[in-house]
Every structure is written in structure tokens, then in C-alpha cells.
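# Descriptive analysis of the structure
If you want the building blocks of each chain, they are given just below.
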Amino acid sequence: MRYWHHFVLSLAGVTIVIALTAAFVHFRNEKGSRLPIYWAVPNFQLIAHDGKPFGLKDLKGKIWVAEFFFASCAGICPIMNQNMMEVQKAFANNPDVLIVSITVDPKNDTPEILREYRQNFDAMDGKWFFLTGDKKAIYQLARHGFKVAAEEVPPQEEGGPSDFIHSDRFVLVDRQGRIRGFYNGTDKEQVRKLIADIKRLLRE
């Protein structure tokens, strides 16, 4: 009887250890599976394609994807925006996921130009926003907020006539305004990973 009592206690102890180990492994895996957290996007306010102010406050509580482009670009921008259409399609019915395309050529990319340009990609109203505004503000946001520009320039030259930023990055931002991932917007495999990562953020 005493042997049986010790056996039951030992078995219970082993069961508890296994359960605790499994819980720890599950917690570690869940924690490890989370997307990295980089930094918060700084506050900004630009002008949307509809001519209305649009900024970080309009994205509060949303998951969003940002890119920097320009309408007259004949190189990577059309490829990027064709791929961005896949992101829009994947979350067309989810109001918690938005897309923000910011021009790096605001002198030419007026709201009127952006309204016409976005039609090429079937951009949905309320889902995919195209932004323009002050060039210096945009370049500071791209270079220091999103860090998508490799080259540094003197502060007095930032956003000036000779300053130009061109990036193929899609940037994923979470509901708290924190950057969670960078993706090559010309690479379909990377875009599929972006879509998968958005789904992961929706579950957080």
C-alpha cells in the first residue's frame, strides 16, 4: 500500500513536471513567434489624395502598410503597387488593415495627380491612401521615421532640390504605431510573407 502511495505521488509529480515543461515550451514558442518590434513611427500629417489632411492619428488602432513611391516612376513603383494590390485584395473586407503610399515627389504629385494615379491600381476608398505634402517633412519621415533611405544628408539639405529617396520597401506597422517588419515590395514571395505577418498581427 505504501509502495502504491509513493508510486501515485511520483506519477503525479512527473505529470506536473511534464505539464509545466510543456507550458514553458509553449510560452517560449509563442513568445518567439511574435514579430520583432522595431520603433514607433513619429507623428506626421500630410495631405491625402482627396485633398484632406491625413496623419498618424488617422491610423490609430489600425494595422497598416507604408511605402514610398512617385507617380512618374517607370521602374520599381508600378511593380510595387501591383504587388500592393495583392495586400489590398487579401484584406479588402477587413477595416482594421490599411495601406499608405507616400510620394517622394510632392512637387509633381499633387492630390489631383494621385487621385488619377491610384485608379491604375483599383485603390479602394477608405482602404488605400495616397499622400503628398511638404517635401522636407516627407523626407524626414522616410529617412528618420521609417529609415528606408540608406544615404544620409546634411540637415540643411534634407528635402532640398538635390535630395531624392527611392526605396523598394514595404513597411508593416502595428496598432500601436510600431514598425514590425520590412519587405521587398518587388518580390512576390516577400509580399506573401507580409500578408502572412499581417494575419499574425491581427491575432495579437
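For the structure, check the block above.
Residues numbered from 1 in each chain as written. Predicted model: local features only at pLDDT ≥ 70, side-chain atom pairs only at ≥ 80, totals over all residues. Heavy atoms only, no water.

## Comments concerning the pairing of strand β7 (residues 179–184)
The element β7 is largely enclosed, with a buried count of five among its six residues. Bridging between strand β6 (residues 169–173) and β7 involves five bridges; their strand directions are antiparallel. Note on β7: the bridge partner recorded for F170 is Y183. What sits between β6 and β7 in their antiparallel hairpin is a turn of five residues, with G177 showing a positive phi close to 80 degrees. (Buried < 20%, exposed > 50% of the residue type's maximum accessible area, 1.4 Å probe, protein only. Helix = DSSP H or I, 4+ residues; strand = E, 2+ residues; numbered from the N terminus. Pairing = 2+ DSSP bridges.)

## Concerning unusual backbone geometry
Located in the positive-phi region is D122, a residue other than glycine, with phi close to 50 degrees. With respect to the element layout, D122 can be found in the loop between α3 (111–118) and β5 (128–132). Positive phi, normally seen in glycine, also occurs at K147, with a value near 55 degrees. If you trace the backbone, K147 turns up in the loop between α4 (135–145) and β6.

## Some words on the packing of aromatic side chains
For the structure shown, the criterion picks out 14 aromatic pairs. Ring plane angle 80 degrees and centroid distance 6.1 Å describe the contact between W64 and F146, whose orientation is recorded as edge-to-face. Linking W64 in strand β3 (residues 63–69) with F146 in the loop between α4 and β6, this pair joins segments that are 82 residues apart in sequence. There is no split in this pair, since W64 and F146 are both buried. The side chain of K135 reaches across the aromatic face of Y139, ending 5.1 Å from its centre. The ring of W39 carries the charged tip of K147 above its face, separated from the ring centre by 5.1 Å. (Phe/Tyr/Trp six-rings, centres within 6.5 Å; stacked < 30°, edge-to-face > 60°. Lys NZ or Arg CZ within 6 Å of the ring centre and 35° of its normal.)

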